[in-house]
Amino acid sequence: MKEFNFTTMNQPEEILRQIVHEQVIVAMRHDGIVHVKFLSNTEINIEFQDLLYDHYNQITLGKKAYFIFEGGEFISVTKDARENSVELEKNSLKLAYAIVFKNLGQRILADFYYTVNRPKLPYKVFSSFEKGIEWLKTIKVSEI
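A. View of the sheet that holds strand S2 (residues 24-29). Taken in spatial order, the 6 strands make up an open sheet running S1-S2-S3-S5-S7-S8, and their pairing is mixed. With partners counted over all chains shown, the strands left at the sheet margins are strand S1 (15-20) and strand S8 (123-126), one partner each. The average undirected angle you get between the axes of adjacent strands in this sheet is 20 degrees. Against the sheet, helix H1 (residues 46-60) makes contact with S1, S2, strand S3 (33-38), strand S5 (65-71) and strand S7 (94-100), and its axis sits at roughly 20 degrees relative to S2, the strand it touches most.

B. Broad picture of unusual backbone geometry. We note that Asn 41 has phi near 65 degrees; this positive angle belongs to a residue other than glycine. Tracing the chain through its elements places Asn 41 in the loop between S3 and strand S4 (43-44). Positive phi is not limited to glycine here, since Leu 61 has a value of about 60 degrees. Its place among the elements puts Leu 61 in the loop between H1 and S5. By relative accessible area, which is 58% here, Leu 61 ends up exposed.

C. Inspection of the pattern of salt bridges at higher detail. Evaluated as defined, the whole model comprises 3 salt bridges. Note that Asp 31 and Lys 137 form a salt bridge whose closest N and O atoms lie 3.6 Å from each other. Of this pair, Asp 31 sits in the loop between S2 and S3 while Lys 137 is found in helix H4 (residues 129-138), placing the two residues 106 residues apart along the sequence. You can call Asp 31 partly exposed: its relative accessible area is 32%. The residue Lys 79 makes a salt bridge to Glu 83 at a minimum N-O spacing of 2.7 Å. Residue Lys 79 and its partner Glu 83 are located together in helix H2 (residues 79-89), separated by 4 residues, close to a single helical turn. Residue Glu 83 is classed as partly exposed on the basis of its relative accessible area, which comes to 42%.

D. The confidence of the model for the protein chain, seen in detail. Overall, the prediction assigns the protein chain a mean pLDDT of 83, with 79% of residues at 70 or greater. Low pLDDT, under 50, characterises residues 1-8; the stretch is placed with 13 contacts to residues that sit more than four places away or in other chains.

About the thresholds
In every chain, residue numbers begin from 1 and rise along the written sequence. At least 70 in pLDDT is required for a residue's local features to be given in this predicted model, at least 80 for side-chain atom pairs to be given and counted, and no such filter applies to totals for whole chains, interfaces and linings, which use all residues. Remark: hydrogens and water are excluded; side-chain values derive from all non-hydrogen atoms of the structure. Here, any two strands with at least 2 DSSP bridges between them count as paired. Secondary structure elements are taken from DSSP: a helix is a run of H or I of four residues or more, a strand is a run of E of two residues or more, and numbering for both begins at the N terminus. All axes here are fitted lines through C-alpha atoms, helices being fitted over the stretch that makes contact, and every angle between N-to-C directions spans 0 to 180 degrees. The contact definition used throughout considers only heavy atoms, calling two residues in contact when any of these lie within 4.5 Å. Exposure is judged per residue with a 1.4 Å probe applied to protein chains only, and the accessible area is read against the type maximum: over 50% gives exposed, under 20% gives buried, and values in between give partly exposed. Any Lys or Arg side-chain nitrogen found within 4 Å of a carboxyl oxygen on Asp or Glu counts as a salt bridge. A score between 0 and 100, pLDDT records how confident the predictor is in each residue.

Structure representation (structure tokens):
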């Protein structure tokens, strides 16, 4: 397992729980938002989605939560994983989620992914981590 400093994830807050994996870091923040950081060169496939669901379940203690996602360079999603995500959303632990992009390529990928496989949960794409957190804090459970 890699050692990881969460301040490099734009999170100066103390982390309640974290799971560090060779391809992803999942952390529960003090404000109840789950921060998911995909490391560079990660391919998201069905097997990896299953692993992520287990990590999310451990981090949230089985309760629904707000999520913010960010990724390193060269993150890819297989066609099977894109299609599988529609099924996974039915049992999702997510209440709403924000996606943070770092470059135009990631923005195009996020926009394409969510145009093709339109989520039923509230989501929004941001260029700023802080704006993603701010937006998540405005979503009320009763609105979902």
